[in-house]
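Residue strings, one per chain:
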Amino acid sequence: MADPSLDVLIVGAGFGGMYMLIKARSLGLKALAIESAPSVGGTWYHNRYPGARVDIQSLEYSFSFDEALQQEWRWTERYASQPELLRYANHVADRFALRDSIRLETRLAGATWDEDERRWVATSDEGERWSARFLVMASGPLSAPNTPNFEGLDHFAGTTHHTADWPHEAVDFGGQRVGVIGTGSSGVQAIPEIARQARSLTVFQRTAAYAVPSHNGPLDAAWEARVKADYAGFRARNRLMRTGFGCELPPHMVSALAVSPEERESRFEERWAYGGFALLGTFYDIMLDLRANEFAAEFVRAKIRATVHNAQTARRLSPTQPIGCKRLCVDSGGYYETFNRSNVQLVDLNEAPLERITPRGVFADGREHELDVLVLATGFDAVTGTLMRTKLQGRDGLSIQEKWRPGALNYLGLAVAGFPNMFNIAGAGSTSAFTSVIQSIEHHVNWICECIAWLDTQRLTTIEATVHAEADWMAHVQAMAEQTVFLSCNSWYMGANVPGKPRLFMPLTGGFPAYVERCAQVATNGYEGFRVS
Ligand SMILES: Cc1cc2nc3c(=O)[nH]c(=O)nc-3n(C[C@H](O)[C@H](O)[C@H](O)COP(=O)(O)OP(=O)(O)OC[C@H]3O[C@@H](n4cnc5c(N)ncnc54)[C@H](O)[C@@H]3O)c2cc1C
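Residues numbered from 1 in each chain as written. Predicted model: local features only at pLDDT ≥ 70, side-chain atom pairs only at ≥ 80, totals over all residues. Heavy atoms only, no water.

## Digging into the site of the ligand
Part 1 of the argument: Taken together, 34 residues lie near the ligand, and Glu35, Thr43, Asp55, Tyr61 and Val437 sit nearest.
Part 2 of the argument: Interatomic distance of 2.8 Å between a backbone N/O atom of Gly16 and an oxygen atom of the ligand.
Part 3 of the argument: One of the backbone N or O atoms of Leu108 is found 2.8 Å from a nitrogen atom in the ligand.
Part 4 of the argument: Taking 970 Å² as the accessible area of the ligand by itself, protein coverage stands at 96%.
Part 5 of the argument: Elements with a minimum of two residues in the shell around the ligand: helix 1 (15-26), helix 2 (43-46) and helix 14 (437-457).
Part 6 of the argument: Take the shell around the ligand: its biggest share by element is 3 residues, from helix 2.
Part 7 of the argument: Here the shell around the ligand is built from residues that sort into 15 nonpolar, 15 polar and 4 charged. (Near = heavy atom within 4 Å. Polar contact = N/O pair within 3.5 Å; in protein donor to acceptor, adjacent residues only side chain to side chain. Areas by Shrake-Rupley, 256 points an atom, 1.4 Å probe, with all protein chains shown as cover. Helix = DSSP H or I, 4+ residues; strand = E, 2+ residues; numbered from the N terminus. Nonpolar A, V, L, I, M, F, W, Y, C, P; charged D, E, K, R; others polar.)

## Points about the side chain of Ser318
Part 1 of the argument: Locating Ser318 in the fold gives a position in the loop between helix 10 (311-317) and strand 11 (329-331).
Part 2 of the argument: Accessibility expressed as a relative area gives 14% for Ser318, which makes it buried.
Part 3 of the argument: Separated by 2.7 Å, the side chain of Ser318 and the backbone oxygen of Ala314 make a polar contact.
Part 4 of the argument: Other than its neighbours up to four places away in sequence, Ser318 contacts Ala208, Arg301 and Ile304. (Buried < 20%, exposed > 50% of the residue type's maximum accessible area, 1.4 Å probe, protein only. Contact = heavy atoms within 4.5 Å.)

## Structural notes on the packing of helix 8 (residues 261-274) against helix 9 (residues 290-307)
Part 1 of the argument: Viewed as axis vectors pointing N to C, helix 8 and helix 9 meet at an angle of 65°, and their least axial separation amounts to 11 Å. In terms of their interaxial angle, helix 8 and helix 9 are classed as roughly perpendicular. Helix-helix and strand crossings are classified by hand; for helix 8 and helix 9 the assignment is right-handed. Contacts from Arg264, Glu265, Phe268, Glu269 and Trp272 of helix 8 reach helix 9 at Phe295, Ala296, Phe299, Val300 and Lys303. (Axes fitted to C-alpha atoms, helices over the stretch in contact; angles between N-to-C directions. Parallel < 35°, antiparallel > 145°, perpendicular 65-115°, else oblique. Left-handed = near helix turned anticlockwise from the far one by under 90°.)

## Remarks on the pattern of salt bridges
Part 1 of the argument: Scanning the model with the defined rule gives 33 salt bridges in all.
Part 2 of the argument: Where Arg177 meets Glu370, a salt bridge forms, and the shortest distance between an N and an O atom there is 3.4 Å. Remark: Glu370 occurs in strand 15 (residues 367-370) and Arg177 occurs in strand 8 (residues 177-181); sequence separation between them is 193 residues.
Part 3 of the argument: The exposure class assigned to Glu370 is partly exposed, which follows from its relative accessible area of 39%.
Part 4 of the argument: In this structure, Asp230 and Arg237 form a salt bridge, with 3.7 Å as the shortest nitrogen-oxygen distance.
Part 5 of the argument: Note on Asp230: relative accessible area 38%, which makes it partly exposed. (Salt bridge = Lys/Arg side-chain N within 4 Å of Asp/Glu carboxyl O.)

## Let's talk about the packing of aromatic side chains
Part 1 of the argument: Taken as a whole and judged by the stated rule, the model has 38 aromatic pairs.
Part 2 of the argument: Measuring from ring centre to ring centre gives 5.8 Å for Phe15 and Tyr88, while their planes differ by 55°; the resulting arrangement is tilted. Here the residue Phe15 occupies a position in helix 1, and Tyr88 occupies one in helix 4 (residues 82-95), the gap between them amounting to 73 residues.
Part 3 of the argument: Here Phe15 falls in the buried class, since its relative accessible area comes to 5%.
Part 4 of the argument: Taken together, the ring pairs connect Phe15, Tyr19, Trp44, Tyr61, Phe63, Phe65, Trp73, Trp75, Tyr88 and Phe96 into an aromatic cluster.
Part 5 of the argument: Against the face of Phe295 rests Arg264, its NZ or CZ located 3.5 Å from the ring centre. (Phe/Tyr/Trp six-rings, centres within 6.5 Å; stacked < 30°, edge-to-face > 60°. Lys NZ or Arg CZ within 6 Å of the ring centre and 35° of its normal.)

## With respect to the state of the cysteines
Part 1 of the argument: Inspection of every chain in the model, using the stated rule, returns 1 disulfide.
Part 2 of the argument: Put simply, Cys325 and Cys489 are joined by a disulfide, and their sulfur atoms are 2.2 Å apart. Between Cys325 and Cys489, the disulfide has an S-S torsion of -105° and is therefore left-handed. One end of the pair, Cys325, is in the loop between helix 10 and strand 11; the other, Cys489, is in the loop between helix 15 (467-482) and helix 16 (512-524), and 164 residues separate them in sequence.
Part 3 of the argument: In this structure Cys519 is a free cysteine whose sulfur lies 11 Å from that of Cys451, the closest cysteine sulfur available. (Disulfide = S-S within 2.5 Å.)

## Some remarks on helix 16
Part 1 of the argument: Relative to the 18 Å expected for 13 residues at 1.5 Å per residue, helix 16 spans 18 Å between its end C-alpha atoms, a close match to the ideal helical length.
Part 2 of the argument: Of all the positions in helix 16, only Phe512, Tyr515, Cys519, Val522 and Ala523 are classed as buried. Axial view of helix 16: buried residues confined to an arc of 100°, hence all on one face.
Part 3 of the argument: Of the surrounding secondary structure, the elements contacted by the buried residues of helix 16 are helix 7 (231-239), helix 14, helix 15 and strand 20 (530-532).
Part 4 of the argument: One or two steps after helix 16, the chain reaches Gly526, where phi turns positive at roughly 70°. (Expected span 1.5 Å × (residues − 1). Arc of directions from axis to C-beta.)

## Let's talk about the pairing of strand 6 (residues 129-137)
Part 1 of the argument: In terms of burial, strand 6 is largely enclosed, as 8 of its 9 residues are buried.
Part 2 of the argument: Here strand 5 (residues 119-124) pairs with strand 6 via 4 bridges, running antiparallel. Counterpart to Trp120 in the pairing with strand 6 is Ala132.
Part 3 of the argument: Here strand 5 hands over to strand 6 after 4 residues, with Gly127 in that stretch at a positive phi of 90°.
Part 4 of the argument: Where strand 6 meets strand 18 (residues 422-424), 3 bridges bridge the pair, whose relative direction is parallel. Its bridge partner being in strand 18, Met137 is matched across the sheet by Asn424. (Pairing = 2+ DSSP bridges.)

## Description of the environment of Leu371
Part 1 of the argument: Secondary-structure assignment places Leu371 in the loop between strand 15 and strand 16 (373-376).
Part 2 of the argument: Classification of Leu371 by relative accessible area gives buried; the value is 5%.
Part 3 of the argument: Taking the C-alpha atoms as reference points, Leu371 and Gly361, separated by 10 residues in sequence, lie 4.8 Å from one another.
Part 4 of the argument: Apart from residues no more than four positions distant in its own chain, Leu371 is found in contact with Phe156, Arg177, Val178, Gly179, Thr202, Phe204, Arg360, Gly361 and Val362.

Written out as structure tokens, the structure reads:
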């Protein structure tokens, strides 16, 4: 029997689900969050591979909605590690007394829109049922692990781990022959740590990664005090940044093409010394113009050549795609230096494709690489993966799989035509992938809750994006992407890492402030582009 009294069913108890719960409760709504994992924390519960840590500074990658919370929490490092982020998530759950409204180890199997009742009827994979006015998908932009269909993978006789589904007990690589497939953000973080422990490490690389140093270390107490003296102001300044973070070193509003080679080099060096994503803001046009981008790309390639002793390895580690086109990797472990170790070898799968996994290892490069442990750092079915793995049925029995066959159609990144009263947090069509995601989560949740409050004051029960507004929004997302370098490579931003996934650029470029303003305008104009009843 479905519980008829739920106002909001929230799927996921990562930062998105937890903040949605806090806000929904503050509106007096009866809300429940269901979470398939046995813990809150989302990303930071699942991704516990060695080296896992945030790539945006923790003073910026954290909740801003509660002044006491942001004042009392003390990060120990400039870029927090996974265990610390998980502690933070648990602290939030306790501090805001969320646990009694979170059902752990409960996976949403499906949800169907009941047009007569104007409610969602949801079912867990254990057969539990709920009925809710609103369904909020906080199931995570990067939470559906992608495991490539390598021939023979099931027959590998050693141990296999996916970075996004890492065991909870410590994994001891001592004396082991380890292979890592994948050199995106997770691979770049894990590889140096594994190399320090393993007898041998073989890295199987399809696309070379740009990795910039984070210069991580203990959080500077003086900086922390300065930020905390006016945390609200710091957050407000960040909200004005295109990325929603980085206000202390904003992009330099000069073209990379307009300066002398000497000035270009010295400005790149300054940003390299600062660390992290700041490098992409050395000049305003790095992500807009391929010629400007190439200067930044070549700067990093020169760093690789200067770091990696073996010239052939350095060449193989040097990316050819535009920098930042795939998510830039922020390195705290000494990624490129790792390839100078005698126990580490690189296999370039472009020169010698991975043919199959054998019981004893990986057959690539014309030979079998014998392994005891295989680590899949193969990323995610990003942005749409969790929804596409769920049986969601909107109006007239329309399934999300059918709806999204051509790509993740949406309006404002928040809503999907044909799926009334369903909202998506940090999903396709929003800027979240290019921001500090917690900042985006706060914006999404605030917008959704204001929308629900508005419906209630208007005595309305349903809200649904129109097909027309959705089409316009999709055109806008594509047009914005065309003004950048993002379409020049095969990235998860466009679904290219998952065979058969539609190639449609999913996140919105163009900056967080413009996006926030557009969402606000829509609300001010009586939820323009939505049909309400
Ligand atoms: C390794 C890694 C590092 C990252 N680093 C950064 C960073 O430095 N900066 C940044 O801005 N972003 C980063 N991200 C992105 C990160 O996902 C977001 O920052 C943020 O954690 C997203 O929070 P969320 O609550 O939206 O999703 P998640 O944290 O992914 O939580 C979603 C939850 O939903 C649950 N769920 C999914 N489907 C179902 C279902 N059907 N039923 C029940 N529960 C379900 C999942 O188990 C998960 O716990 C990183 C992601 C990864 C994977």
